[in-house]
Amino acid sequence: MDGIVGSAQVSGEPDFLTPEALLASAVMGGGLPEDAQFHLWEAGLSYQQDDVAEAHLRKAEAIAPGHAAVLIGLYRFYFYKGRLRECLGVARECLAKAQRETNLPADWRDVRAEDAEFSRYDRLMPRFFLFTLKGYAYLNMRLGDLDEGRAAVMKLLELDPSDKIGAKLLLDVLNRAGQDDDD
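What counts and what doesn't
- Sequence order sets the numbering: in each chain, residues are counted from 1 along the sequence as written.
- Residues qualify for local features only when their pLDDT is at least 70, as the model is predicted, and side-chain atom pairs are given and counted only at 80 or more; totals for whole chains, interfaces and linings, by contrast, use all residues.
- Side-chain descriptors were evaluated using all non-hydrogen atoms of the structure, hydrogens and water having been removed beforehand.
- pLDDT measures how confident the predictor is about each residue, on a scale from 0 to 100.
- Each helix is a run of H or I in the DSSP string that is no shorter than four residues. Each strand is a run of E no shorter than two, and both are numbered from the N terminus.
- Contacts between residues were defined by any pair of non-hydrogen atoms, one from each residue, lying within 4.5 Å.
- We define a salt bridge as a contact between a side-chain nitrogen of Lys or Arg and a carboxyl oxygen of Asp or Glu at a distance within 4 Å.
- Only protein chains enter the area calculation, which uses a 1.4 Å probe; residues under 20% of their type maximum are buried, those over 50% are exposed, and those in between are partly exposed.
- An axis is simply a line fitted to the C-alpha atoms; with a helix, the fit covers only the stretch in contact. Between two such axes, the angle follows the N-to-C directions and lies from 0 to 180 degrees.
- Should an angle fall under 35 degrees it is called roughly parallel, over 145 degrees roughly antiparallel, and 65 to 115 degrees roughly perpendicular, with every other angle called oblique.
- Handedness of a helix crossing follows the sense of rotation of the near helix relative to the far helix, less than a right angle counterclockwise being left-handed and clockwise being right-handed.
- In this classification, Asp, Glu, Lys and Arg are treated as charged, Ala, Val, Leu, Ile, Met, Phe, Trp, Tyr, Cys and Pro as nonpolar, and every other residue, Gly included, as polar.

J.: Which parts of the structure should I look at to understand the confidence of the model for the protein chain?
T.: Interpretation of this model should avoid reading the predicted coordinates in detail wherever pLDDT is low. Mean pLDDT over the protein chain stands at 85; residues scoring 70 or higher make up 81%. Here strand β1 (residues 3-5) stands out as the least confident element of the protein chain, with mean pLDDT 30; helix α3 (residues 50-63) is the most confident, with 98. Segment residues 1-24: pLDDT under 50, and 40 contacts once partners within four positions in sequence are set aside and those in other chains are kept.

J.: Help me understand the pattern of salt bridges, please; the structure alone is not making it clear to me.
T.: Oppositely charged side chains are able to pair whenever their charged atoms sit close together. Under the definition given, this model contains 12 salt bridges. One salt bridge in this structure joins Arg 120 and Asp 122, with 2.6 Å as the shortest N-O distance. You can call Arg 120 partly exposed: its relative accessible area is 31%. If you follow the salt bridges from partner to partner, you end up with Glu 117, Arg 120, Asp 122 and Arg 123 in one network.

J.: Please clarify how the packing of helix α4 (residues 68-80) against helix α5 (residues 84-101) should be interpreted in this entry.
T.: To describe two helices that pack against each other, one gives the angle between their axes and the distance between the axes. Closest axis-to-axis distance for the α4/α5 pair is 8 Å, and the angle between their directions is 155 degrees. Taken together, the axes of α4 and α5 are roughly antiparallel relative to one another. Along this stretch, α4 crosses α5, giving a crossing that reads as left-handed. Contacts between α4 and α5 involve Ala 68, Leu 71, Leu 74, Tyr 75, Tyr 78 and Phe 79 from the former and Leu 84, Glu 86, Cys 87, Val 90, Ala 91, Glu 93, Cys 94 and Lys 97 from the latter. Grouping the constituent residues of the contact of α4 with α5 by class yields 11 nonpolar, no polar and 3 charged.

J.: What am I meant to see in the environment of Asn 103 here?
T.: Within the element layout of this structure, Asn 103 appears in the loop between α5 and α6 (124-142). For Asn 103, a relative accessible area of 69% corresponds to the exposed category. It is 9.9 Å that separates the C-alpha atoms of Asn 103 and Pro 126, two residues lying 23 residues apart in sequence.

J.: Teacher, can you tell me more about unusual backbone geometry here?
T.: Note on backbone geometry: most residues besides glycine have negative phi, and most peptide bonds are trans. Positive phi outside glycine occurs at Asn 103, with the angle close to 55 degrees. Positive phi, close to 60 degrees, is recorded for Asp 163, a residue that is not glycine. By secondary structure assignment, the location of Asp 163 is in the loop between α7 (146-159) and α8 (167-176). A residue is classified by how much of its surface remains accessible, and Asp 163, at 16% relative accessible area, is buried.

What follows is the structure, given as structure tokens:
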């Protein structure tokens, strides 16, 4: 049975959204309480004031814990502020959310290609999982955990063999790491 989000059709499957419904989805901010939206907005306006912006993000998180829009706001804030360890923590939360909501195994290493439709752009949560896993891989690489980064990249390539996510670029970086030391 199909539902309606705004004027867009949505399949009865929880991770399927038409392009029109994507913008209204919970992952993109739909269903976010107005107070949380206010704090996300204020965090953006006060971005240059780290303490103020982070306080707004934390207030949004208190109002809407686990909401993807809040998690994405926290991830971006920490990433662009260069606070990569905190960003990695948020990436882990995003992975867990995508895994729960897509009924994937709790450990990303155990996820298999047949567990979800990873190759379809209209499958929102599997795509969210892939993009989050890519961020997780990148952050681990930047923080010096190349083995964990490589494992995540290899999982991405297993789940997305056509490489729509762009994991091969990360693999190329990993493969070049240390080559300059050998010259």
